[in-house]
Every structure is written in structure tokens, then in C-alpha cells.
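Per-entry structural report
Here is how the chains run, residue by residue.
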Amino acid sequence: ERRVELIGGATRSELITGLNAGAKSYIADLWNFTSGDAWSIRRAHRSLERAAKLDLAFLDPYEGRVRVNPNTTTRLMVVPRPLHALESSVMLDDEPVPAAFYDLAMLAVHCGPSLIERQGGLYLVLRDTHGHMEARLWAKLFDAVEEKLEFPRGSIRATVMLDSVAAALEAEEILFELVHHGAGLSISPQ
């Protein structure tokens with residue numbers, strides 16, 4: 001199968017351009033292409049929510065009002081921030097929560113129902129996954145979120161980007177841990 005996947009940020013203009021480009025998938029990266037401050041992350045999540053519903057527009061100074069094509073077949077995928085990053089705006093026992101947990105919760109609650117209906121699942125790309133134990137943690141998180149939100153099992157799917165030697169050596173084990181949630185592996189060119 002020949003695929004074209006675009007990767008970019010999660011601003012309104014980037015999401016609309018990505019979803020209207022005609023690619024197989026648009027990958028909105030909350031880690032590398034989005035500013036890490038709390039305001040930008042909240043704004044990105046709001047834009048993702050509206051993009052999931054195909055109800056997103058912005059005012060371009062040259063083209064005027066630009067909207068996401070309501071008939072787009074481009075799949076929306078999201079790269080949550082890695083486990084080592086912290087979300088300082090949400091505290092648990094006076095400690096900031098992992099940004100990845102915050103991103104997963106926001107995506108599942110606000111985007112999950114629309115994306116599951118439109119594209120058959122909530123698709124994530126996991127970066128900085130260092131081995132099968134981390135993949136096991138993600139699988140348990142996905143199971144808990146699906147159960148809590150009453151999503152069908154396997155609605156949350158993850159492509160793991162192998163961007164370290166440790167992850168590459170444990171590729172089969174990572175896929176085994178994500179048995180109900182694995183969408184594939186991707187090699188990061190670095």
C-alpha cells in the first residue's frame with residue numbers, strides 16, 4: 001500500500017491544511033511541533049476537538065475564511081507528549097502529572113467519540129517509547145480509558161515510532177504488549 005502521511009502542528013491552520021491535503025493521514029504532533037506552554041497546549045487540544053468533528057475554520061489574510069473539508073477522508077492522528085514531560089497546570093498530590101496522561105485524557109474525552117465514529121478509532125503515534133514495559137503501561141492506560149468511556153476494546157490504536165536502539169531491539173515485544181491497541185511500527189530517521 002502506498003501511503004502519504006503528513007506531520008505538523010495542532011494549530012487551526014495546520015490542522016485544516018493537513019486534513020484538506022488529501023494525504024492518507026495527518027499527524028498532529030503535540031511534542032515537536034507545538035509550543036509547550038500551557039496556553040498553547042490547551043489551544044491545541046481545543047483545535048483538535050473541533051478538527052475531530054470536522055468543524056474547524058480560520059481567517060487567512062489572503063484566502064479569507066478557510067474551513068476543513070467536511071468530506072475529507074484524511075485520518076487524524078495525534079502524537080501525545082512523552083511520559084517524561086510534565087503538565088504543570090494539572091497537579092496530583094502537589095506534583096505535576098505526566099503530560100502524556102493529560103494528552104490521552106483530553107483526546108479520549110473530547111476527540112474520541114467523533115474520531116471513533118468517523119475513522120474507526122482514536123489513532124496515536126507514540127514517540128520516545130523505550131521498551132516493552134512502557135508499551136505495557138500504554139496498553140493498560142488505553143484499556144482503562146476505553147473501559148471508563150465505554151469505547152469498544154481496541155478503539156484506541158497506537159503506532160510506535162522506534163526512535164531509539166532500545167526500542168528497535170524490543171520491536172516484537174512492544175507489539176506483543178500492544179496486542180489490542182497496536183496499529184504498527186514506524187522508524188524515525190535521525
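Counting of residues starts from 1 at the beginning of each chain's written sequence and follows it residue by residue. Selection of residues for local features in this predicted model requires a pLDDT of at least 70, selection of side-chain atom pairs for listing and counting requires 80 or more, and totals for whole chains, interfaces and linings are taken over all residues. Note that water and hydrogens are dropped before the side-chain values are worked out from all heavy atoms of the structure.

Of the regular secondary structure elements, the protein chain holds 7 helices and 10 strands. Counting only C-alpha atoms and orienting by the principal axes, one finds that the protein chain spans roughly 50 × 45 × 35 Å. Partly exposed residues are those whose accessible area sits between 20% and 50% of the maximum for their type, while under 20% is buried and over 50% is exposed, using a 1.4 Å probe and protein chains only. The 190 residues of the protein chain split such that 49% are buried. Between two residues, a contact is recorded if the distance between any of their heavy atoms is within 4.5 Å. Nonlocal contacts in the protein chain, meaning residues at least 24 apart in sequence, comprise 64% of its contacts between residues at least 6 apart. Here a helix means four or more residues in a row that DSSP labels H or I, a strand means two or more in a row labelled E, and each is numbered from the N terminus.

For the rest of this paragraph, the subject is helix α2 (residues 38-52). Between the first and last C-alpha of α2 there are 21 Å, a value that for 15 residues agrees with the 21 Å anticipated at 1.5 Å per step. Considered for burial, the residues of α2 that qualify are Ser40, Ile41, Ala44, His45, Ser47, Leu48, Glu49, Ala51 and Ala52. Those residues of α2 that are buried lie in contact with α1 (12-20), β2 (25-29), β5 (75-79), β6 (86-92), α3 (99-110) and α4 (112-119). One or two steps after α2, the chain reaches Leu54, where phi turns positive at roughly 55°. Between the first and last residue of a helix there are one fewer steps than residues, each counted as 1.5 Å, and that sum is the expected span.

For side chains bearing opposite charge, pairing can occur when the charged atoms are close. Each salt bridge in this description consists of a side-chain nitrogen of Lys or Arg and a carboxyl oxygen of Asp or Glu lying within 4 Å of one another. For the structure on display, the rule yields 10 salt bridges. Among the salt bridges present, the one from Arg127 reaches Asp29, with a minimum N-O distance of 3.6 Å. Residue Arg127 is located in the loop between β8 (122-126) and α5 (132-149), and its partner Asp29 is located in strand β2; the two are separated by 98 residues in the primary sequence. For Asp29, a relative accessible area of 0% puts it in the buried group.

In this model, Asp93 sits at a positive phi of 55°, which is unusual for a non-glycine residue. By the element assignment, Asp93 lies in the loop between β6 and β7 (95-98). Unusually for a residue other than glycine, Glu150 sits at a positive phi of about 60°. Tracing the backbone shows Glu150 in the loop between α5 and β9 (156-162).

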